[in-house]
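Secondary and tertiary structure notes
Each chain, written out:
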Amino acid sequence: MKENIELLMKKLNKAYLIYKNEFLNKDFLVIARKGKNIESIEIKFRKEHFKHLVGIRGIKANDFFEKLSKKRLSIKELQELGKNPYIIEKLNSFSKLKKLLEESPYLYDFHPHSTPKIELDKIIANIDKEIKKELIGLKFLKNLSGKSYVPASIERRKASEITTEDRKRIIFILEKNLIDREYSKIIFKIDEEDILLYFKEI
C-alpha cells in the first residue's frame, strides 16, 4: 500500500484521541432482543485493543498505545510498521463509532466462513445490513474476571457480508467507567422499553 505517511499519522492521532476520550477504560452493557429471546453482552475497551482496531502490525499493543499517548511515534517508525490495506478506512470510521451505538443498532452473529482471516463472534451494525456502513466486530473472552467481549475490528462494509441471518434488535446500551461497579449512564434506549423490567436498579 502506498500511503501518504504524514496524512496517516494525522489520522492515527485523531483516532487515538477519539478512542481515548470516548472509549478507553469504558465498559458497555448491550441488551438485545428478538421476540422473547433476550441477550446481554458486556464490551470492554482497553488500550491494548486500539492497535488491532486500526490495523497495525509489528509492535506490541501497549507499546503502540503508549508511544501515541506520549507523541513518541515517529514518521519513520510508522512507515516501517505493517499496516492493514484498509487502514485509512478504519481510521476514518472512528469518528462514527459512538453514533453507531446511539442510532438503532442491531446485534448480529458473525459468519465464521465469511472471511477466514478474521476471527470474530459478534457484530454491532446498522439496521440495514445491505448498506456499506461502519460496524464493530467483537471477540469473546473468558478469563478469571468473568466473561466479556472486546472490540477486535472496525470495518466499513455491508454487514450482510460477514454475518449470519440471525440478529437481535438492541434495546439498551449502558455505559460505565472501568473503576465503577454499577452501570449508571444510558447511551441508547428504545422508547417503548422499560429498563426497570431488565434491572432492579441502574
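These notes cover the structure that comes with them.

Rules behind the numbers
Residues numbered from 1 in each chain as written. Predicted model: local features only at pLDDT ≥ 70, side-chain atom pairs only at ≥ 80, totals over all residues. Heavy atoms only, no water. Helix = DSSP H or I, 4+ residues; strand = E, 2+ residues; numbered from the N terminus. Buried < 20%, exposed > 50% of the residue type's maximum accessible area, 1.4 Å probe, protein only. Contact = heavy atoms within 4.5 Å. Areas by Shrake-Rupley, 256 points an atom, 1.4 Å probe, with all protein chains shown as cover. Lys, Arg positive; Asp, Glu negative; His and termini not counted. Charge placed at Lys NZ, Arg CZ, Asp CG, Glu CD. Polar contact = N/O pair within 3.5 Å; in protein donor to acceptor, adjacent residues only side chain to side chain. Core = buried A, V, L, I, M, F, W, Y, C linked by side-chain atoms within 4.5 Å.

**Comments concerning the overall build of the protein chain**
Within the protein chain, the regular secondary structure consists of 6 helices and 10 strands. Once the C-alpha set of the protein chain is aligned to its principal axes, its extents read approximately 55 × 35 × 30 Å. Burial status across the protein chain gives 45% buried among its 202 residues. Sequence-distant contacts, at least 24 apart, represent 60% of the contacts inside the protein chain between residues at least 6 apart. Summed over all atoms, the accessible surface of the protein chain reaches about 11600 Å², with 49% contributed by carbon and sulfur. Where the 44 positive side-chain charges of the protein chain centre and where its 32 negative ones centre are 4 Å apart.

**Quick notes on the side chain of E39**
Within the element layout of this structure, E39 appears in strand β2 (residues 37-45). Here K122 takes part through its side chain, which lies 2.9 Å from a polar atom of the side chain of E39. A polar side-chain atom of E39 sits 3.0 Å from a polar atom in the side chain of K168. Not counting the four nearest positions on each side in its chain, E39 is found in contact with V30, I31, A32, L107, K122 and K168.

**Structural notes on the nonpolar core**
Ranked by internal contacts, the top residues of the largest apolar core, which has 51 residues, are L12, Y19, I43, F50, F64, F94 and I124. Considering every element that reaches this core, the biggest residue donor is helix α1 (residues 5-22), with 8 residues. Non-local contacts of L12, meaning those with residues more than four positions away in its chain, are made with F50, V54, F64, L68, L73, L78 and L91. In terms of nonpolar packing, the next biggest core, distinct from the first, is built from 9 residues, Y106, F110, L120 and A125 among them.

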